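# What the coordinates show
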Amino acid sequence: MRKILLVDDEMRMLDLLDLYLSQNGFSCIKKTSGACALDYMEDHAIELVIIDVMMPDMDGWELCQLIKQQSDVPIIMLTAKGSKPDVVKGLTIGADDYIAKPFDEEELIARIEAVLRRTKATGSEIIFKELQLNKESYDFYYQKKKIPVTQKEFVLLELFLTHQNHVFSREHLITKIWGYGVYIEDRTVDSHIRNIREKLREVDFPIDQHLQTVWGIGYKWVS
């Protein structure tokens, strides 16, 4: 089943969305805060996020921006605010669509399907030799055998494979993967790279020929 992350501080709204979506072939993960949503996305792959704008602590605008700094997962904003400035703001900061409450169930499903089609059409697969990375499902394969990777490892692999032979400093990787204004130590990047290497060595992919350390700077993927 296609997995959707629902983020709203009102459990009743989460349950209502879950009811609609589960009847249409979606599996829903419900979170009541932006922080909980980000924690979940750290280690789980999803296909789409639906975010309510008006939430305490971290509103939907901020959550949308934080997600887009580290992932290209599509986002639909769901809110009682339906004025033109709010719609423009949502789309400007990276949302893929915007639905105002109260919403029609059929329209909601149609918009979700449309967003998923658009994002899939932009190119959902990256293939390198016998590695296959699917940006739609967040699956990663070697010789058609699935390799379990975390969300951060997946995004790192996607960055390297789409920018082969480009040297990334650790600082650049921290900004691209974890976002601006987040304190992450260099050794956290090194730990993720080490995990990627170990997982690919286990399936006999010649990772040391491709994911190379550039001493004193960072890393690059050699084609």
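Residues numbered from 1 in each chain as written. Predicted model: local features only at pLDDT ≥ 70, side-chain atom pairs only at ≥ 80, totals over all residues. Heavy atoms only, no water.

### Details of helix α6 (residues 151-162)
The condition that has to hold: Runs of H or I in DSSP of at least four residues are treated as helices and runs of E of at least two as strands, each being numbered from the N terminus. A helix is expected to reach a length of 1.5 Å times the quantity of its residues less one. Each residue is assigned to one of three classes by its accessible area relative to the maximum for its type, calculated with a 1.4 Å probe on protein chains only: buried under 20%, partly exposed between the two thresholds, exposed over 50%.
A rise of 1.5 Å per residue sets the reference length of α6, with its 12 residues, at 16 Å; its end C-alpha atoms lie 17 Å apart and thus fit the reference within 8%. A large share of α6 lies buried, amounting to 11 of its 12 residues.

### Considerations on the sheet that holds strand β10 (residues 168-169)
Hydrogen bonding along the main chain pairs the strands of a sheet, whether they run parallel or antiparallel. Put simply, the rule is: Between any two strands, at least two bridges found by DSSP are needed for them to pair. We call two residues in contact when some of their heavy atoms are within 4.5 Å. Helix axes use the C-alpha atoms of the stretch in contact, all axes being lines fitted to C-alpha atoms, and the angles between their N-to-C directions lie in the range 0 to 180 degrees.
Overall, antiparallel pairing links the 3 strands, which are arranged β10-β12-β11 in an open sheet. The open sheet has two edge strands, β10 and β11 (211-214), and neither has a second partner. Judged from the 4 bridges that link them, β11 and strand β12 (residues 218-221) form a sheet pairing that is antiparallel. Bridged to Q212 within β12 is K220. Sheet contacts for α6: β10, β11 and β12; angle to β12, the most-contacted strand, approximately 60 degrees.

### With respect to the pairing of strand β2 (residues 26-31)
To keep it simple, the criterion reads: Orient the strands so they point away from the viewer, and a crossover whose first-strand-to-second-strand path over the helix runs clockwise is right-handed.
The sheet contact formed by strand β1 (residues 2-7) and β2 spans 6 bridges and is parallel. If you follow K3 over to β2, its bridge partner there is S27. Assessed by its sense of winding, the connection that carries the chain from β1 through helix α1 (residues 11-22) to β2 is right-handed.

### A word on the side chain of E153
With respect to the helices, strands and loops of the structure, E153 is situated in helix α6. By relative accessible area, which is 3% here, E153 ends up buried. The contact partners of E153, leaving out residues within four places of it in the chain, are P148, H192, N195, I196 and K199.

### A look at the pattern of salt bridges
We apply this condition: Whenever Lys or Arg places a side-chain nitrogen within 4 Å of a carboxyl oxygen from Asp or Glu, that contact is recorded as a salt bridge.
Scanning all chains against the criterion turns up 13 salt bridges. One salt bridge in this structure joins E107 and R111, with 2.8 Å as the shortest N-O distance. Of this pair, E107 and R111 both sit in helix α5 (residues 105-121), 4 residues apart, roughly one helical turn. A network of salt bridges, in which partner residues are shared, links D8, D52 and K101.

### Digging into helix α2 (residues 34-43)
Every α-helix winds through 3.6 residues per turn, so residues three or four apart in the chain are directed the same way. The condition that has to hold: As used here, the arc is the angular range of directions from the helix axis to the C-beta atoms.
Along α2, the positions that sit buried rather than exposed are G34, A37, L38, Y40 and M41. For α2, the angular spread of the buried residues around the axis is 160 degrees, confining them to a single face. If you follow the buried residues of α2, they end up packed against β1, β2, β3 (48-52), α3 (60-70) and α6.

### Here we look at the environment of L133
Inspection of the secondary structure assignment puts L133 in strand β7 (residues 131-134). In this structure the C-alpha to C-alpha distance between L133 and K146, which are 13 residues apart in sequence, comes to 9.8 Å. Once you skip the residues sitting within four places of it in the chain, L133 turns out to touch S124, E125, I126, D139, F140, F154, L157, E158 and L161.

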